[in-house]
Amino acid sequence: MPPKKKIFTRRKVCRFCADKSLVIDYKEVKNLRNFLTERGKIIPRRIYGNCAKHQRQMTEAIKRARQIALMPYSGQMQP
Amino acid sequence: MRRYETIFIINPSVGEDEITAIIDKTTSIIEEFDGSIVNLDHWGLKKLAYPIKKELQGYYVFAEYAGKPEAVAEVERIFKIDDRILKFMTIKTQDVFVADAPKAEAENTEATEEEAQADA
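Residues numbered from 1 in each chain as written. Chains lettered and ligands numbered in written order. Predicted model: local features only at pLDDT ≥ 70, side-chain atom pairs only at ≥ 80, totals over all residues.

Caption draft 1: Representation of the interface of chain B and chain A in the model. At the junction of the two partners, chain B supplies 13 residues and chain A supplies 13 residues. Counting residues per element, the ones that place at least two in the side of chain B that touches chain A are β1 (2–10), β2 (36–52), β4 (85–94) and α3 (105–112) of chain B. Ranked by residue count, the leading element in the side of chain B that touches chain A is β2 of chain B, at 5 residues. Split into classes, the residues belonging to the side of chain B that touches chain A amount to 8 nonpolar, 2 polar and 3 charged. (Contact = placed C-beta atoms within 7 Å. Helix = DSSP H or I, 4+ residues; strand = E, 2+ residues; numbered from the N terminus. Nonpolar A, V, L, I, M, F, W, Y, C, P; charged D, E, K, R; others polar.)

Caption draft 2: Expanded view of the environment of His54 of chain A. Residues and elements named next belong to chain A. Looking at where His54 falls in the secondary structure, it is placed in helix α4 (residues 52–67). For His54 and Gly40, which are 14 residues apart along the polypeptide, the C-alpha to C-alpha distance reads 19 Å. Setting aside residues no more than four positions away along its own chain, His54 makes contact with Cys14, Phe16, Cys17 and Ile24.

Caption draft 3: Quick peek at unusual backbone geometry. Backbone geometry places Ala69 of chain A, a non-glycine residue, at a positive phi of 65 degrees. With respect to the secondary-structure elements, Ala69 of chain A resides in the segment after α4. On the basis of neighbour counts, which here come to 23 C-beta atoms within 10 Å, the residue Ala69 of chain A falls in the buried class. The backbone of Lys54 of chain B shows a phi angle near 65 degrees, a positive value even though the residue is not glycine. One can find Lys54 of chain B in the loop between β2 and β3 (55–67). Residue classification places Lys54 of chain B among the exposed positions, given that 6 C-beta atoms sit within 10 Å. (Buried ≥ 20, exposed ≤ 12 C-beta atoms within 10 Å, placed from the backbone.)

Next up, the structure:
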């Protein structure tokens, strides 16, 4: 068997840790929108490499925004 | 005193006068309980992400204030009774109210806040 090909992946860094000026706030839907699929699901943190802390804060913010109808529970988000 | 923020959505079919009346009433309740309004913001008519009570649009009002838990309970009790309020949400941002920390508060927010939400 040939040796397994090594796949190099760039280590993903949490963008909230890298840029402290980014604040996670449920009122700022524009920023949260990047972390949703087209269907309105929250994207898992393995995709963007968010750290656990910030992913937690983000999901919390998204869920709040959903509660007050700033974001959909499901389906497309209108601009 | 704690620092809270409340968002409530008013039915868009009610008039401008009624909207101001609702807001005045809310602020007076908060002040009755020795609270103080820090920031009152009319976001205005916004499209709802999903229909609430068959309405597709809502008039958003955002209020940030210092107050006691009893004030929040009273405000929410009134909101529940009022048909014109489509939905509301109150979030605690600080356990102990610090007067001027409009930006610094954002860091603490995630650590201390706690949700007190009820469906309209």
